[in-house]
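Structural overview
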Amino acid sequence: MALLFVSDDDDPVAWGRALWRLDPALDYRVWPEVGATGDIEAALVWRPPAGILAGLPNLALIQSLGAGIDHIFSDPDLPASVPVARLVDAELTRQMVEYVALAVLSRHRRIDAFRSFQRDAEWRVLRPVPVAESRVGVLGLGQIGAAVARALVGFGLEVSGWSRTGKHIAGVESFHGPKGLVPLLARSDILVCLLPLTPRTGGLLDARRLAALPPGAYVINAARGEMVVEEDLLAAIDAGAVSGAWLDVFRTEPLPADHRFWSHPAITMTPHVAGLTVPETAAAQVIENLERVRRGEPPRNRVDLAAGY
Ligand code: NDP
Ligand code: OXD
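Attention here is on the structure that accompanies the text. (Residues numbered from 1 in each chain as written. Chains lettered and ligands numbered in written order. Predicted model: local features only at pLDDT ≥ 70, side-chain atom pairs only at ≥ 80, totals over all residues. Heavy atoms only, no water.)

Attention now moves to the site of ligand 2. Taken together, Trp46, Gly66, Ala67, Gly68, Leu92, Arg224, His272 and Gly275 form the complete shell of residues around ligand 2. With respect to ligand 2, the backbone of Gly68 contributes an N or O atom lying 2.8 Å from an oxygen atom. A distance of 2.8 Å separates an oxygen atom of ligand 2 from a polar side-chain atom of Arg224. Contact with the protein chains hides 86% of the accessible area of ligand 2, taken as 210 Å² for the molecule alone. For the shell around ligand 2, the class distribution of residues is 3 nonpolar, 4 polar and 1 charged. (Near = heavy atom within 4 Å. Polar contact = N/O pair within 3.5 Å; in protein donor to acceptor, adjacent residues only side chain to side chain. Areas by Shrake-Rupley, 256 points an atom, 1.4 Å probe, with all protein chains shown as cover. Nonpolar A, V, L, I, M, F, W, Y, C, P; charged D, E, K, R; others polar.)

Structure representation (structure tokens):
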């Protein structure tokens with residue numbers, strides 16, 4: 001039985017090396033060189049082309065190459081009976097914490113203003129934004145959001161968070177459920193989105209929700225582009241209601257060359273690099289999940305289909 005690697009973004013050679021180090025006997029195949037489709041018991045995937053998983057009759061595990069699984073659920077032919085597992089990896093979480101801290105602290109320490117002073121060779125002192133005006137709200141307090149919230153508390157910032165179910169994280173004010181969203185937004189000078197993309201979170205940050213933020217708030221999205229209504233964000237920034245945004249993810253990736261985000265002075269953007277899966281650290285859970293499904297056990301970090309993440 002074989003494991004099929006399907007991704008245009010991840011390195012099949014590095015993954016092969018990392019998996020074989022743990023299981024030298026693994027029959028590892030890289031799509032589109034599938035061989036006999038009946039051999040494939042597990043698929044390790046990032047944005048698999050629609051329909052290919054349905055063509056694997058003995059598939060027992062769909063393992064995401066990332067923390068998110070929306071790239072799998074967008075396949076209308078996804079075989080419903082095969083368990084889907086996502087990656088939960090300490091190195092991925094560490095990178096995400098680092099990235100969001102960078103964005104939050106850049107805003108708090110007014111790095112954009114200093115960059116523009118530097119362009120004009122202007123020696124000008126600005127104090128950091130007061131902590132009381134740099135209140136951070138984290139949407140999503142899961143593996144990544146909770147780690148981010150803790151790290152930001154460690155910097156002495158005022159942090160609150162929003163999740164589906166209530167949370168107790170030291171130093172973090174917790175809001176949950178639909179009723180908790182507006183109170184969270186209202187106290188978020190810096191809003192960080194770390195939610196999974198589901199039918200409930202798509203389009204969440206629209207004109208109405210952005211208007212619930214304090215005047216001049218800053219938006220950081222390191223989750224999925226679909227969570228933000230891009231035209232509404234641009235309108236809020238152009239109107240001065242939102243002061244700017246730091247974006248790693250976009251509705252269309254790669255972002256089209258004529259998109260306004262590229263040249264907007266109030267927007268900092270990166271090409272979906274906030275957290276990049278490292279085969280060497282993530283391979284162990286792939287092999288463990290393969291062994292688990294072979295024993296008839298559910299994989300670790302199995303996605304809850306009803307919740308959508
Ligand atoms: P988790 O599943 O661990 O956490 C998800 C969090 O979102 C949980 O706190 C959950 O609440 C909350 N949530 C889900 N739906 C809702 C809702 N409808 N209302 C309120 N809260 C909700 O995911 P991770 O932390 O591991 O990852 C989060 C996302 O980050 C991924 O799905 C992916 O899209 C993105 N990501 C982006 C990367 C990048 O490079 N840009 C890299 C890695 C991840 P509860 O705790 O109550 O279940
Ligand atoms: C992920 C990502 O979901 O990189 O892991 O976006």
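From this point on, the discussion continues.
Okay, unusual backbone geometry next. For the bond from Trp31 to Pro32, the omega torsion is 15°, close enough to zero to count as cis. Position of Pro32 relative to the elements: it lies in the loop between β2 (27-30) and β3 (40-45). Looking along the chain, the bond that leaves Glu253 and enters Pro254 is cis, with omega of -5°. In this fold, Pro254 is placed in the loop between β11 (242-247) and β12 (267-269). Phi angles above zero are rare outside glycine, and Arg47 is one such case at about 45°. (Helix = DSSP H or I, 4+ residues; strand = E, 2+ residues; numbered from the N terminus.)

What follows concerns helix α1 (residues 12-22). Turn by turn, an α-helix covers 3.6 residues, leaving residues three or four places apart pointing in a common direction. Residues of α1 that are buried: Ala14, Trp15, Gly16, Ala18 and Leu19. Against the buried residues of α1 lie β1 (2-6), β2, β3 and α9 (279-294). Structurally, the start of α1 carries an N-cap: the backbone nitrogen of Val13 is 2.9 Å from a side-chain oxygen of Asp11. (Buried < 20%, exposed > 50% of the residue type's maximum accessible area, 1.4 Å probe, protein only. Contact = heavy atoms within 4.5 Å.)

Attention now goes to the site of ligand 1. Taken together, 29 residues form the shell around ligand 1, and within it Arg86, Gln143, Thr165, Lys167 and Tyr309 come nearest. At 3.2 Å, a side-chain N or O of Arg224 approaches an oxygen atom of ligand 1. Relative to its unbound accessible surface of 940 Å², ligand 1 loses 92% to contact with the protein. Only α5 (143-154) and β7 (159-163) provide two or more residues apiece to the shell around ligand 1. Residue composition of the shell around ligand 1, grouped by class: 13 nonpolar, 10 polar and 6 charged.

Taken by themselves, the reported measurements are silent on function.
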